[in-house]
Amino acid sequence: MKTLPIVALLALACSASQAQQKLVPAQSEISFVVKQMGVPLDGKFGKFDAQVGFDPAKPEAGKINLSIDLSTAVVGDADTVKELKKAEWFGIAKFPTASFTSTGIKAAGAGKFDVTGNLSIKGISKPLSIPVTLAKTGAVSVAQGSFTIKRGDFKIGEGDWADTSIVAADVQVKFKLAVSGL
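All figures in this text were calculated on a predicted structure; none of them were measured in a lab. (Residues numbered from 1 in each chain as written. Predicted model: local features only at pLDDT ≥ 70, side-chain atom pairs only at ≥ 80, totals over all residues. Heavy atoms only, no water.)

Q: An account of the overall build of the chain is needed here, citing residue identities and associated values.
A: Looking only at helices and strands, one finds two helices and 11 strands in the chain. In the chain, the order of α-helices and β-strands from amino to carboxyl end is α-β-β-β-β-β-β-α-β-β-β-β-β. Split into buried and exposed, the 182 residues of the chain put 34% on the buried side. Counting contacts in the chain only where the partners sit at least 6 residues apart, residues at least 24 apart contribute 57% of the total. Summed over its atoms, the accessible surface of the chain is roughly 10,600 Å², and 60% of this surface lies on carbon and sulfur atoms. (Helix = DSSP H or I, 4+ residues; strand = E, 2+ residues; numbered from the N terminus. Buried < 20%, exposed > 50% of the residue type's maximum accessible area, 1.4 Å probe, protein only. Contact = heavy atoms within 4.5 Å. Areas by Shrake-Rupley, 256 points an atom, 1.4 Å probe, with all protein chains shown as cover.)

Q: Describe a nonpolar patch on the surface, naming the residues involved and giving the relevant values.
A: Where nonpolar side chains cluster on the molecular surface, the patch consists of Met37, Trp161 and Ile166 and spans about 300 Å² of accessible area. With respect to the element layout, Trp161 can be found in the loop between strand 10 (140-150) and strand 11 (167-180). (Patch = residues over 30% accessible without salt bridge, like charges linked within 9 Å, V, L, I, M, F, W, Y side chains within 5 Å. Salt bridge = Lys/Arg side-chain N within 4 Å of Asp/Glu carboxyl O.)

Q: Could you give me a rundown of the confidence of the model for the chain, with the residues and numbers involved?
A: Averaged over the chain, the pLDDT score is 90; the fraction of residues at 70 or greater is 90%. Per-residue pLDDT stays below 50 along residues 1-19; that stretch engages in four contacts with residues further than four places along the chain or on separate chains. (pLDDT = per-residue confidence, 0-100.)

Q: Describe in detail the pattern of salt bridges, supporting the description with residues and values.
A: Overall, the coordinates contain three salt bridges when judged by the stated rule. One salt bridge connects Lys86 with Glu83, and the closest N-O pair in it is separated by 3.2 Å. With a closest N to O distance of 2.6 Å, Lys150 and Asp170 form a salt bridge. One end of the pair, Lys150, is in strand 10; the other, Asp170, is in strand 11, and 20 residues separate them in sequence.

Q: How would you sum up the pairing of strand 11? Please name residues and give values.
A: Note that strand 1 (residues 22-23) and strand 11 share two bridges and pair antiparallel. Note that in strand 11 the partner of Lys22 across the bridge is Ser180. Direction of pairing for strand 10 relative to strand 11: antiparallel, over a ladder of 11 bridges. Within the sheet, the bridge partner assigned to Lys150 lies in strand 11 and is Asp170. (Pairing = 2+ DSSP bridges.)

See below:
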């Protein structure tokens, strides 16, 4: 009978430590690069959030959920930003957010992890594998990585914009996520 309270206390302690893991937005960034007529065009998202439950000593038990406010995308000039919100691109009215939900995390060497999960944009979900490096600096741990998606897989740039001769098919996404309590 005495083991039940001990198990309950351990469960509370584990959930409390994971609840303290918080994204530090001021030190975090999600950016992207796409080529328009062969010229790299840099952009970034101004608002996103992450729920992290991760112990580097037990990565396989970790969970990461990331949500990106697509209406905060900034790239090029004001006309381009306005265009991105339209149905042919991000379709903000119907699909205001993109998300990534991890399905597995594996150690891949000192400070390196392979994170698998599902990326969802415009109601389309695709599996993704992302190599991530994790470094601790003071009270904050910083996860960094990059991956490439095909914009057509998520119907980003429909209709006349589906032609990849003007806007390239590949979009490189880079991230730096600072997390406290990790």
